[in-house]
Amino acid sequence: MSNADLLRRSLAAVWHPCTQMKQHTHDLPLVPVVRGEGLWLYDADGRRYLDAISSWWVNLFGHCNPRINAALADQLGKLEHVILAGFTHEPVVQLSERLSALTGGALGHCFYASDGASATEIALKMSFHYWQNRGRTPKREFVALAGGYHGETVGALAVTDVAIFRDAYAPLIRAAHVVPSPDARQAGPGETAVDVARRAAAALEAFLEAEHERIAALIVEPLVQGAAGMAMHDPEYLRLARALCDRFEVHLICDEIAVGCGRSGTFFAHEQASIRPDFLCLSKGISGGYLPLSVVLTTDTVYAAFYDDATVKGFLHSHSYTGNALACRAALATLDIFEADDVLVQNQARGDRLEALLAPLAAHEKVRHFRRRGMILAFDVDADPGFGRRFYREALARELLLRPMGNTVYFMPPYILGDNDADFLAAGASAALEAALQ
Ligand SMILES: *Cc1c(COP(=O)(O)O)cnc(C)c1O
């Protein structure tokens, strides 16, 4: 299909996500893509875009990665999918063992689904059901952080505090309790990120002191609250939250759907606080950005509460594509690349270099709160509400896919960004900022 064909037919037949479709008739471009290679996406005329947000934070090692492609081609010749109730297969077993090993064995039981919101739902249902099975029936409510995002199904929206996604559906939702975010941007004069973290933890403590009898779990995005606008906090918050959850007998759910798989600098973000959650949700990067896959890891203690002669004490939740063999194989190939290429070490240098290249931009008079955690870099821009849309268009005009959230510009590149790519990205982002501020 030509570019024009693709656009015309897409607008007629495809209802695009997270989009007011009418905007595609005037100021919001729709971009046709026919091919991807490494960092780059190409249209039918050979126009290209550097995917600096990893296609909504999922792609870790570039498009059409030869190693992941080869693993999938091999898997296609063996088994594409099989029901996971009553049946099992090698990729799902290997993936479960390897993920468990990455938690030091602390989270040894893996439950699979196909997307992030479903992983959130599974963690919430498992936590609730755990307390029911243990006879602690009043524990059936959840606590979430201000600005938290955990997906957009009706259950996941209950613990999501992002107005634009939640408010239209408020009457459908059994909203969770919301406690203050440890977002370091709230630091007052002379305050550090640790001070803000301690203040937020004190609010959590006061809340749990009063309400813990009816609270099943606290859910957090460790270190970076993505959809809140890459709001970053100090690991001190996670240490204190873990201690409070222990003291008040409340589960800690770490939603690492966005920050897991090396994005925060360590393989899991919670490692930076030297803690383990009771539930760990992974998705997005887990399959290298190839296939829909999510997984919830949990402890022996949780698992044991469901292991019973009574069927109804089991976790009967299911999705048709649970543990899909192709998706698990893509995840295994992704983990192989982490090991073979010493990715976490390489990313340290990659992130340092991009941060240094963006230093002039960080010092720009309209830029506020330039921040970084691992391979996530972000800043806020002091501009009118139309800025984000203008920046998006100006970035596309400079062959960059960068998609601000509100007035927050962020970079979440695949872990294959080379020196020249980083130069190109920093120069283009700078020029796009100037153009969008006009
Ligand atoms: C993207 C995301 C989700 C939801 O994942 P989907 O696959 O889009 O349903 C949940 N939590 C966090 C932190 C996310 O970034």
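Values in this document were obtained by computation on a predicted structure and should not be read as measured data. (Residues numbered from 1 in each chain as written. Predicted model: local features only at pLDDT ≥ 70, side-chain atom pairs only at ≥ 80, totals over all residues. Heavy atoms only, no water.)

(A) Fine view of the pairing of strand β12 (residues 294–298). Counting buried positions over the 5 residues of β12 gives 5, a clear majority of the element. The side-chain alternation of β12 yields two buried faces, one formed by S294, V296 and T298 and the other by V295 and L297. Pairing between strand β11 (residues 279–282) and β12: 4 bridges, direction antiparallel. The residue bridging C281 from the neighbouring strand is V296, located in β12. (Buried < 20%, exposed > 50% of the residue type's maximum accessible area, 1.4 Å probe, protein only. Helix = DSSP H or I, 4+ residues; strand = E, 2+ residues; numbered from the N terminus. Pairing = 2+ DSSP bridges.)

(B) Layout of the nonpolar core. L218, L402 and F411 are the most contacted members of the largest nonpolar core, which totals 101 residues. Two domains each donate at least three residues to this core, and these are domain 1 (70–340) and domain 2 (342–436). In this structure, A113, I122, F142 and A176 belong to the second largest nonpolar core, which totals 25 residues. (Core = buried A, V, L, I, M, F, W, Y, C linked by side-chain atoms within 4.5 Å. Domains from an automatic or database assignment.)

(C) Fine view of the pattern of salt bridges. A full pass over the atoms with the stated rule returns 33 salt bridges. Between E355 and R372 there is a salt bridge; the shortest N-O distance is 2.7 Å. Separated by 17 residues along the polypeptide, E355 in helix α12 (residues 343–357) and R372 in strand β13 (residues 367–373) bring together distant segments of the chain. Residue classification places E355 among the partly exposed positions, given a relative accessible area of 32%. (Salt bridge = Lys/Arg side-chain N within 4 Å of Asp/Glu carboxyl O.)

(D) Spatial organisation of the domain arrangement of the chain. Parsing the chain into structural domains produces domain 1 (70–340) and domain 2 (342–436). One C-alpha centre belongs to domain 1, the other to domain 2; they are set 27 Å apart. Listed per partner, the contact involves 26 residues of domain 1 and 20 residues of domain 2. Across the interface of domain 1 and domain 2, roughly 1700 Å² is buried in total on both sides, 63% from carbon and sulfur atoms. One can count 1 salt bridge joining domain 1 with domain 2. D380 serves as the salt-bridge partner of R185, at 3.0 Å between the closest nitrogen and oxygen. Taken together, domain 1 and domain 2 are joined by 12 residue pairs in polar contact (both at pLDDT 80 or more). For the side of domain 1 that touches domain 2, a count of residues per class yields 13 nonpolar, 9 polar and 4 charged. (Contact = heavy atoms within 4.5 Å. Buried area = accessible area lost by both parts, 1.4 Å probe. Polar contact = N/O pair within 3.5 Å; in protein donor to acceptor, adjacent residues only side chain to side chain. Nonpolar A, V, L, I, M, F, W, Y, C, P; charged D, E, K, R; others polar.)

(E) Inspection of helix α4 (residues 90–102) at higher detail. For α4, with 13 residues, the first-to-last C-alpha span of 18 Å sits near the 18 Å given by 1.5 Å per residue. Of the positions making up α4, those classed as buried are P91, V92, L95, S96, L99 and S100. Down the axis of α4, the buried side of the element spans an arc of 155 degrees, and every buried residue falls inside it. Set apart from the buried face of α4 by more than 90 degrees, the exposed residues are E90, E97 and A101. Where α4 is buried, its residues meet α3 (66–76), β4 (109–113), β11, β12 and α11 (325–340). Positive phi shows up at G104, right after α4, with a value of about 65 degrees. (Expected span 1.5 Å × (residues − 1). Arc of directions from axis to C-beta.)

(F) Spatial organisation of the packing of α3 against α11. Look at α3 against α11: their axes get within 9 Å of each other, and the N-to-C directions meet at 145 degrees. By crossing handedness, the relation of α3 to α11 is classed as right-handed. Along its contact with α3, which presents R67, I68, A71, L72, D74, Q75 and L76, the element α11 presents A325, L326, R329, A330, A333, T334, I337 and A340. (Axes fitted to C-alpha atoms, helices over the stretch in contact; angles between N-to-C directions. Left-handed = near helix turned anticlockwise from the far one by under 90°.)

(G) Expanded view of the sheet that holds strand β3 (residues 48–51). One open sheet accounts for 4 strands, arranged β1-β2-β3-β15; its pairing is mixed. If you trace the sheet from one side to the other, it starts and ends with β1 (35–37) and β15 (400–401), each paired once.

(H) The arrangement of the site of the ligand in detail. Residues in contact with the ligand, as listed here, are W57, D115, G116, A117, Y149, H150, G151, E221, D255, I257, A258 and K284. G116 places a main-chain nitrogen or oxygen 2.7 Å from an oxygen atom of the ligand. Burial of the ligand by the protein amounts to 81% of the accessible area it has alone, namely 380 Å². For the shell around the ligand, the residue count by class is 5 nonpolar, 3 polar and 4 charged. (Near = heavy atom within 4 Å. Areas by Shrake-Rupley, 256 points an atom, 1.4 Å probe, with all protein chains shown as cover.)

(I) Representation of the packing of aromatic side chains in the model. Tallying each qualifying case throughout the model produces 15 aromatic pairs. Between W57 and Y410, the aromatic rings sit 5.9 Å apart at their centres with planes inclined by 90 degrees, giving edge-to-face as the arrangement. Here W57 is found in helix α2 (residues 54–57), whereas its partner Y410 is found in strand β16 (residues 408–411), with 353 residues between them in sequence. By relative accessible area, which is 10% here, W57 ends up buried. Their ring planes at 75 degrees and their centres at 6.1 Å tell us that F338 and Y415 sit as a pair that is edge-to-face. Of the two residues, F338 is situated in helix α11 and Y415 in the loop between β16 and α15 (419–437); the sequence distance between them amounts to 77 residues. Like Y415, F338 is buried. Within the aromatic cluster, the residues linked to one another by ring pairs are F61, F267, F268, F338 and Y415. The ring of Y42 has R35 lying over it, and the distance from NZ or CZ to the ring centre is 4.2 Å. In this arrangement the basic side chain of K139 is found over the ring face of W131, its NZ or CZ atom lying 4.9 Å from the centre. (Phe/Tyr/Trp six-rings, centres within 6.5 Å; stacked < 30°, edge-to-face > 60°. Lys NZ or Arg CZ within 6 Å of the ring centre and 35° of its normal.)

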